[in-house]
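Each chain, letter by letter, is given below.
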Amino acid sequence: MPRQAILGISAYYHDSAAALLVDGRIVAAAQEERFSRKRHDASFPTHACRYVLDDAGVAYDDLAAVAFYDKPFLKFERLLETYHGFAPAGLSSFVTAMPAWIKEKLFMRRLLTDHLGELGHARHRVLYPEHHLSHAASAFYPSPFDEAAILTIDGVGEWATTTIGRGRGRDIEILSELHFPHSVGLLYSAFTYYLGFTVNSGEYKLMGLAPYGHDGSTQVRGFTDVIRRELVDIRPDGSLLLNMSYFDFATGLRMVNEDKWARLFGLARRAPDAELTQPYMNLALAIQQVTEDIVLRLARTARDVTGCRHLVLAGGVALNCVANGKLLASRLFDDLWIQPAAGDAGGAVGAACAVWHIHRRQPRAATACDAMTGSYLGPQFSTLEVERTIRAFGARATLASNVEALAATVAARLAAGEAGGWFQGRMEFGPRALGNRSILGDPRNPEMQKRLNLKVKFREGFRPFAPAVLEEDAGEHFDLDRPSPYMLLVAPVRSDHQRPFPPALQEAPLYDRLYFQRSHLPAVTHVDYSARIQTVSRTTNPRFWELLQAFKTITGCGVLVNTSFNVRGEPIVCMPDDAYRCFMRTDLDFLVIGDYLFDKAEQPPLDAAPATFAPD
Ligand SMILES: [Fe+2]
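Since this is a predicted model, take the numbers as computed values, not measurements.

> I'm lost on the overall build of the protein chain in this one. Help?
A tally of regular secondary structure across the protein chain gives 20 helices and 21 strands. Over its C-alpha trace the protein chain gives a radius of gyration of 24 Å, about what one expects of a compact globule, namely 25 Å for 616 residues. Its C-alpha atoms give the protein chain principal-axis dimensions of roughly 75 × 70 × 45 Å. For the protein chain, the residues scored as buried account for 60% of the 616 residues in total. Considering only contacts within the protein chain whose residues lie at least 6 apart along the sequence, 72% involve residues at least 24 apart. Total accessible area computed for the protein chain in this model is approximately 23,900 Å², and 53% of it derives from carbon and sulfur atoms. Mean positive and mean negative side-chain charge positions of the protein chain (65 and 70 charges, respectively) differ by 2 Å.

> Would you take a moment to explain the coordination of the iron ion for this structure?
When a metal carries six donors in an octahedron, the ideal angles between them are 90 or 180 degrees, while four donors in a tetrahedron ideally lie at 109.5 degrees. Looking at the metal site, the iron ion is ligated by His131 (NE2), His135 (NE2), Asp154 (OD) and Asp344 (OD), spaced 2.1 to 2.2 Å from it. If you look at the iron ion, its 4 donor atoms make angles of 89 to 169° with each other, and the shape they trace is irregular. For the iron ion, the donor residues sit on a single chain with the sequence spacing H-x3-H-x18-D-x189-D. Linking His131 in helix α6 (residues 131–140) with Asp344 in the loop between β12 (335–338) and α13 (347–359), this pair joins segments that are 213 residues apart in sequence. Residues His131 and Asp344 agree in their burial class; the two are buried.

> Sorry if this is basic, but what is going on with the nonpolar core here?
Most often, soluble globular proteins keep nonpolar side chains buried together rather than apart. If you look at the biggest cluster of nonpolar residues, it comprises 190 residues, and the most contacted ones within it are Leu20, Phe247, Phe265 and Phe598. If we skip the residues at most four places from it in the chain, Phe265 touches Phe191, Phe223, Val226, Ile227, Leu231 and Leu283. Counting 20 residues, the second-largest nonpolar core is a separate cluster that includes Leu406, Ala407, Leu414 and Ala468.

> Teacher, can you tell me more about the packing of helix α9 (residues 218–231) against helix α11 (residues 278–306) here?
The description of two packed helices rests on the angle between their axes and on the distance between the axes. Running from N to C, α9 and α11 point in directions that differ by 50°, and their axes come no closer than 9 Å. The orientation of α9 relative to α11 falls into the category oblique. With respect to the hand of their crossing, α9 and α11 are arranged in right-handed fashion. Taking contact as the criterion, the partners of Gln219, Val220, Phe223, Thr224, Ile227 and Arg228 in α9 are, on α11, Pro279, Asn282, Leu283, Leu285, Ala286, Ile287, Gln289, Val290, Asp293 and Arg297. Residue composition of the contact of α9 with α11, grouped by class: 9 nonpolar, 4 polar and 3 charged.

> Would you mind showing me how to read the packing of helix α7 (residues 184–194) against helix α10 (residues 258–265) here?
Their axes nearest at 12 Å, the elements α7 and α10 cross at an angle of 85°. Judged by the angle between their axes, α7 and α10 are roughly perpendicular. Where α7 approaches α10, its residues Ala190, Phe191, Tyr193 and Tyr194 are matched on the opposing element by Glu258, Trp261, Ala262 and Phe265. Of the residues assigned to the contact of α7 with α10, the class counts are 7 nonpolar, no polar and 1 charged.

> Even after reading the chapter, I still don't get the pattern of salt bridges, so can you show me in this structure?
Two side chains with opposite charge may pair up if their charged atoms get near one another. Per the counting criterion, the structure on display carries 27 salt bridges. Where Asp233 meets Arg235, a salt bridge forms, and the shortest distance between an N and an O atom there is 3.5 Å. For Asp589, the salt bridge identified is with Arg451, shortest N-O distance 3.0 Å. Taken together, the residues span a long stretch of sequence, with Asp589 in the loop between α20 (576–585) and β20 (590–593) and Arg451 in helix α16 (residues 448–457) at a distance of 138 residues. The exposure class assigned to Arg451 is buried, which follows from its relative accessible area of 19%. Among the charged side chains, a salt-bridge network with shared partners connects Arg331, Asp335, Asp481 and Arg482.

> I tried to follow helix α15 (residues 403–415) on my own but got confused; where do I start?
Because an α-helix packs 3.6 residues into every turn, residues spaced three or four apart end up facing the same way. An ideal rise of 1.5 Å per residue puts 18 Å on 13 residues; α15 measures up with 18 Å between its terminal C-alpha atoms. Of the positions making up α15, those classed as buried are Leu406, Ala407, Val410, Ala411, Arg413 and Leu414. The buried residues of α15 occupy one face: seen down the axis, they fall within an arc of 160°. Buried positions along α15 lie against β14 (420–423), β15 (437–441), α19 (542–555), β19 (559–564), β20 and β21 (596–599). You can read the cap of α15 off the contacts: a side-chain oxygen lies 3.1 Å from the backbone nitrogen of Glu404, and it is on Asn402.

> Can you help me understand the packing of aromatic side chains in this one?
Two aromatic rings, taken as a pair, are described by how far apart their centres are and by the angle between their planes. Applying the stated criterion to the full structure yields 21 aromatic pairs. A centroid spacing of 4.7 Å and a plane angle of 55° characterise the contact between Phe191 and Trp261, whose relative ring orientation is tilted. Placement of the pair is Phe191 in helix α7 and Trp261 in helix α10, with a sequence separation of 70 residues. Here Phe191 matches Trp261 in class, with each residue buried.

> Even after reading the chapter, I still don't get the sheet that holds strand β3 (residues 25–31), so can you show me in this structure?
Backbone-to-backbone hydrogen bonds join strands into a sheet, with any given pair of strands oriented parallel or antiparallel. Pairing is mixed in the open sheet, where 5 strands are placed in the order β3-β2-β1-β4-β5. This sheet does not close on itself; its edge strands, each paired only once, are β3 and β5 (126–127). Across 6 bridges, the pairing between strand β2 (residues 17–22) and β3 is antiparallel. Looking at the pairing, Val22 lines up with Arg25 of β3. With respect to the sheet, α13 is in contact with β1 (5–10), β2, β3, β4 (65–68) and β5, its orientation differing from that of β1 by roughly 140°.

> Just to check I follow, could you spell out the sheet that holds β12 for this structure?
The strand order β8-β7-β6-β11-β12 describes an open sheet built from 5 strands, whose pairing is mixed. The sheet is open, and its two edges are formed by β8 (171–179) and β12, each paired on a single side. Going across the sheet, the axis of each strand differs from the next one's by a mean of 20°, ignoring polarity. Against the sheet, helix α12 (residues 321–330) touches β11 (310–314) and β12, its axis set at about 160° to β12.

> What should I look at first to understand the environment of His131 in this one?
Judged by relative accessible area, which is 1%, His131 ranks as buried. Spatially, the C-alpha atoms of His131 and Gln498 are 43 Å apart, while their sequence positions differ by 367 residues. Among residues more than four places away in sequence, those in contact with His131 are Tyr69, Asp70, Asp154, Val156, Gly157, Glu158 and Asp344. Looking at His131, its side chain comes within polar contact range of the side chain of Asp344, at 3.2 Å.

> Sorry if this is basic, but what is going on with unusual backbone geometry here?
Note the cis peptide between Phe180 and Pro181, where omega equals 5°. The residue Pro181 is located in the loop between β8 and α7 in this model. Of note, Asp23 is a non-glycine position whose phi angle comes to about 50°, a positive value. Judged by relative accessible area, Asp23 falls into the partly exposed class, the value being 43%.

> Whenever I open this one, the environment of Gly202 confuses me. Can you help?
The topology assignment puts Gly202 in the loop between α7 and α8 (203–209). Take Gly202: its relative accessible area is 2%, and that puts it in the buried class. Excluding its chain neighbours within four sequence positions, the residues that come into contact with Gly202 are Thr192 and Phe197.

What counts as what
Residues numbered from 1 in each chain as written. Predicted model: local features only at pLDDT ≥ 70, side-chain atom pairs only at ≥ 80, totals over all residues. Heavy atoms only, no water. Helix = DSSP H or I, 4+ residues; strand = E, 2+ residues; numbered from the N terminus. Rg over C-alpha atoms; globule rule 2.2 N^0.38 Å. Buried < 20%, exposed > 50% of the residue type's maximum accessible area, 1.4 Å probe, protein only. Contact = heavy atoms within 4.5 Å. Areas by Shrake-Rupley, 256 points an atom, 1.4 Å probe, with all protein chains shown as cover. Lys, Arg positive; Asp, Glu negative; His and termini not counted. Charge placed at Lys NZ, Arg CZ, Asp CG, Glu CD. Donors = N, O, S within 2.8 Å, 3.2 Å for Na, K, Ca; no water. Tetrahedral: all angles 85-135°; square planar, octahedral: opposite > 155°, others 65-115°. Core = buried A, V, L, I, M, F, W, Y, C linked by side-chain atoms within 4.5 Å. Axes fitted to C-alpha atoms, helices over the stretch in contact; angles between N-to-C directions. Parallel < 35°, antiparallel > 145°, perpendicular 65-115°, else oblique. Left-handed = near helix turned anticlockwise from the far one by under 90°. Nonpolar A, V, L, I, M, F, W, Y, C, P; charged D, E, K, R; others polar. Salt bridge = Lys/Arg side-chain N within 4 Å of Asp/Glu carboxyl O. Expected span 1.5 Å × (residues − 1). Arc of directions from axis to C-beta. Polar contact = N/O pair within 3.5 Å; in protein donor to acceptor, adjacent residues only side chain to side chain. Phe/Tyr/Trp six-rings, centres within 6.5 Å; stacked < 30°, edge-to-face > 60°. Pairing = 2+ DSSP bridges.

Right, dumping it as structure tokens:
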């Protein structure tokens with residue numbers, strides 16, 4: 001029987017992506033931004049589609065189906081009704097936004113058909129699972145559970161902003177929905193905006209800023225009370241109503257009514273590059289705590305209505321790994337699984353899975369672990385292709401004799417205080433680098449965080465870095481009793497490793513607090529002693545595991561700083577050329593691509609050059 005391949009697509013809003021399912025197995029997935037080099041690229045994912053098809057050796061014309069991650073007409077209806085419902089307040093934005101609608105929303109199906117026409121000649125029927133069904137499918141079908149409660153939370157899809165459902169075998173049942181404009185994601189994004197970060201990408205910064213807030217202080221308690229009293233009515237089941245007189249996202253071109261918020265909080269909106277003073281940190285903590293409370297209530301409701309012992313999550317809010325950590329600690333469920341591409345990119349995987357299992361009634365394959373295979377679903381490059389990069393740039397690179405030798409050399413350099421790029425195998429799908437497109441450093445080094453932030457990543461320095469730890473050793477360093485392969489769980493550094501924070505520093509400027517050595521792993525311990533953990537398994541990523549093991553042999557510590565291989569404002573590197581360019585533009589000490597170790601040292605004279613690669 002010929003293979004049946006389904007192409008899943010998410011596009012036209014945020015983080016376009018493509019995914020390919022072959023006989024129900026997720027074989028490839030990638031975001032368009034990695035190819036186009038435009039961060040959060042929302043255009044049709046032509047490059048990503050071509051990549052997933054080529055990778056699997058599937059011709060577009062031979063596809064069994066194409067799945068798009070939401071229903072364009074329902075979305076258009078929501079946009080129209082919202083503007084209509086809020087008129088005349090929305091009239092100016094209606095006029096401003098209309099041309100974009102005409103081009104992109106009303107004719108989205110046509111646009112999609114045109115773009116698909118560039119991939120091949122066949123006129124495939126396109127199936128449109130709803131946006132939150134795509135999220136739910138991305139959370140449940142690849143999960144390791146036969147049966148689970150499903151919680152999807154984001155800004156908005158067509159109408160739904162949150163859904164609770166149940167997955168069982170090949171079936172998904174959506175049991176309840178919360179509708180636009182009442183949205184946890186949009187509430188969080190409104191605060192992201194008010195705190196001077198970019199909506200749809202700065203939410204992570206808000207989450208990283210929150211621990212600087214003074215927990216239990218009068219101001220944090222006051223902010224929390226105001227949020228609950230004026231901005232959002234949170235019901236016991238986690239559903240909520242936003243007080244729309246404070247929000248502009250439905251009608252305006254801004255997220256919030258800034259004048260009203262300024263009066264409410266006694267704090268003006270922070271300008272994007274303005275100083276992060278204590279009141280802003282306290283406001284960040286207040287909304288983070290309110291969000292955690294909502295997520296916990298929703299999870300409790302999901303457990304009560306489904307009776308399931310397992311929970312799966314997707315939607316942008318599921319990337320809030322601090323809330324996920326609280327959810328795990330609450331013991332509401334025996335176990336959680338979170339789709340690593342929980343945002344809209346993951347909708348491409350979900351849409352394809354929904355078509356395969358729901359529309360085509362195909363059973364799920366039994367699997368001992370999850371079906372995202374570490375999220376290593378992107379392109380990989382052969383040694384010949386790396387050698388092409390070496391030649392093209394006249395780079396200095398040495399070929400390692402084997403993986404063990406490479407790991408030993410790199411581990412020794414990291415232990416000596418160097419920071420390097422680590423590019424191996426298939427690129428990660430989703431927002432996190434998980435050891436295949438990563439920048440690595442020594443987490444024990446007191447200077448590492450400062451160095452990576454200011455000389456390599458060129459980013460705001462207040463966010464800590466994440467640790468990658470040998471799966472077997474996670475419990476030695478962190479208070480975590482299960483794997484966290486996708487860096488989506490936050491847990492405390494073990495209490496016996498914590499160093500008490502001097503009360504005198506409590507009011508110190510942000511960076512003095514950040515750079516205080518809070519544990520034996522200062523570069524990855526946040527100001528509240530938490531860490532955003534990636535556990536590395538020998539099965540899913542043997543090379544990265546080997547490197548961590550080599551680092552442990554030298555230092556006794558099987559942990560490395562793992563941050564994404566990019567600089568501020570750019571997508572994570574995809575190809576060897578991207579990696580080399582990024583390496584040369586930063587203060588990184590070395591770069592590894594496959595079996596090659598790159599250095600920046602002056603090119604030696606030709607006769608002394610290492611024999612590094614074979615000619616074409
Ligand atoms: Fe979404």
